[in-house]
Amino acid sequence: MRNYKFTIAYDGSRYFGWERQPGKDTIQGKLEAVLSRMCDTDVNVIGAGRTDAGVHARAMVANAYMDTEKTPGQIRDYMNHYLPDDICVNEVKEAADRFHARYRAVGKLYTYTCYVGDTKPVFNRKYVTVLDYQPDVSAMQQAAAYLQGEHDYKSFCSNPQMKKSTVRNVDSIEIVRRKDFLYFNFHGTGFLQNMVRILVGTLLEVGQGKRTPDSVKDTLLAKDRKLAGFTAPPQGLSLMRVDY
């Protein structure tokens, strides 16, 4: 049995997230079905994270232990032949036996994209959230400064039964507008369930004038999900990179 590392891109629009679920189309489920067919035995695929339903990835990383005579290139080609067109394996590499896609990850970059133009984003509509107002970017940048660093992000976690620590380190939040698109870039060691989307929703409420930048600091300290903003829609979010 050898350990293989995969770099995968997918359009999450029609999937119920990464994690396998009985009777539902998921990214992990599709990958495992193809690899299990290739190896003629059950294969467990370990992802670097668990993207939500409707969320995309440009470079999700995963690993799996397999017994196969195929080369990494042949494995990639086999997977791409049998996977649906909205999932692509960009790279397969043989990895060290101890490599684990989730536990070895030291950072992740997520980008949330909003469209703020005057017309309709016909060709990008499945990958952006359309805003019908012009948010105050400067105010959102002020608020984002309070959210950077190592904090307890319980206010920005959608799972009220979370048993493990909700402390995370978000070392960078960048908000930038380029023409008709507004990008929120979040880099950190890890993220809680729906955390990025709740952070975006909260920041957008600042940008809309519904809350002040300073109030975000109080929201963070309160550790109460009810005090944070709405959960931004999934289609605007994409996992861009996993660092090791």
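Heads up: the structure comes first, above all this text.
Position numbers for residues count from 1 along each chain, tracking the sequence in the order it is written. Local features in a predicted model are, by the rule used here, given only for residues with pLDDT of at least 70; side-chain atom pairs are given and counted only at 80 or more, and totals for whole chains, interfaces and linings are based on all residues. Heavy atoms from the whole structure form the basis of all side-chain values; hydrogens and water molecules are not counted.

Draft legend 1. Structural detail: helix α2 (residues 72-82). Buried means the residue's accessible area, taken with a 1.4 Å probe over protein chains only, is under 20% of the maximum for its type, while exposed means over 50%, and partly exposed covers the values in between. Elements are defined by DSSP. Helices are runs of H or I of four residues or more, strands are runs of E of two residues or more, and each kind is numbered from the N terminus. By the burial criterion, the buried members of α2 are I75, Y78 and M79. The arc that holds every buried residue of α2, seen down its axis, measures 95°, which confines them to one face. Buried positions along α2 lie against β1 (2-10), α1 (27-39), β3 (56-66) and β4 (87-95). Arc definition: directions from the helix axis to the C-beta atoms. The contact definition used throughout considers only heavy atoms, calling two residues in contact when any of these lie within 4.5 Å.

Draft legend 2. Representation of the packing of aromatic side chains in the model. Classification of ring pairs rests on two measures: the distance between centres of Phe, Tyr or Trp rings, Trp counted by its six-membered ring, which must be within 6.5 Å, and the angle between planes, read as stacked under 30 degrees, edge-to-face over 60 and tilted in between. Per the counting criterion, the structure on display carries seven aromatic pairs. Considering the side-chain rings of Y115 and F181, the 5.4 Å spacing of their centres and the 65° angle between planes classify their relative orientation as edge-to-face. Separated by 66 residues along the polypeptide, Y115 in strand β5 (residues 107-115) and F181 in strand β9 (residues 181-188) bring together distant segments of the chain. On the basis of relative accessible area, Y115 is assigned to the buried category, the value being 4%.

Draft legend 3. Main features of helix α5 (residues 213-222). When α5 is considered as a whole, its buried residues turn out to be P213, V216, T219 and L220. Seen end-on, α5 carries its buried residues on one side only, within an arc spanning 100°. Elements in contact with the buried residues of α5: α3 (137-147), β7 (149-152) and α4 (195-207).

Draft legend 4. Inspection of the layout of surface pockets at higher detail. Here the largest pocket is characterised by a volume of approximately 970 Å³. Residue lining of the largest pocket: 32 residues in total, with G49, R50, F191, L192 and Q193 positioned closest to the centre. Elements with a contribution of two residues or more to the lining of the largest pocket: β5 and α4. Put simply, the second largest pocket is a space of about 320 Å³. Think of a 1 Å grid over just the protein atoms. A cavity is a set of points where a 1.4 Å probe fits yet cannot get out, a pocket is an open set with protein on both sides within 12 Å along at least five of seven lines, and lining residues have an atom within 4 Å of a point. Forming the walls of the second largest pocket are 19 residues, and the residues nearest its centre are H56, R58, Y127, S238 and M240. Elements supplying a minimum of two residues to the lining of the second largest pocket: β1, β3, β5, β9 and β10 (237-243). Broken down by class, the residue content of the lining of the second largest pocket amounts to nine nonpolar, seven polar and three charged. Grid points are joined across faces, edges and corners, and a volume is the space filled by probe spheres set on the points. Residues are grouped as follows: nonpolar covers Ala, Val, Leu, Ile, Met, Phe, Trp, Tyr, Cys and Pro; charged covers Asp, Glu, Lys and Arg; every other residue, Gly included, is treated as polar.

Draft legend 5. Molecular detail of unusual backbone geometry. Located in the positive-phi region is N194, a residue other than glycine, with phi close to 65°. By secondary structure assignment, the location of N194 is in the loop between β9 and α4. Although it is not a glycine, K223 sits at a positive phi angle of roughly 55°. Looking at the secondary structure, you find K223 in the loop between α5 and β10.

Draft legend 6. Representation of the pattern of salt bridges in the model. The working definition used for a salt bridge is a side-chain nitrogen of Lys or Arg within 4 Å of a carboxyl oxygen of Asp or Glu. With the rule as written, the count across this model stands at 12 salt bridges. R20 is the partner of E32 in a salt bridge, and the nearest nitrogen-oxygen pair spans 2.6 Å. Residue E32 is located in helix α1, and its partner R20 is located in the loop between β1 and α1; the two are separated by 12 residues in the primary sequence. Assessed through its relative accessible area of 42%, R20 is described here as partly exposed. Of the charged contacts in the structure, one is a salt bridge between K226 and D224, with a shortest N-O distance of 3.6 Å. Looking at K226, the relative accessible area reads 72%, which means it is exposed. Each of R14, D25, K30 and D86 takes part in salt bridges that share partners, so that together they form one network.

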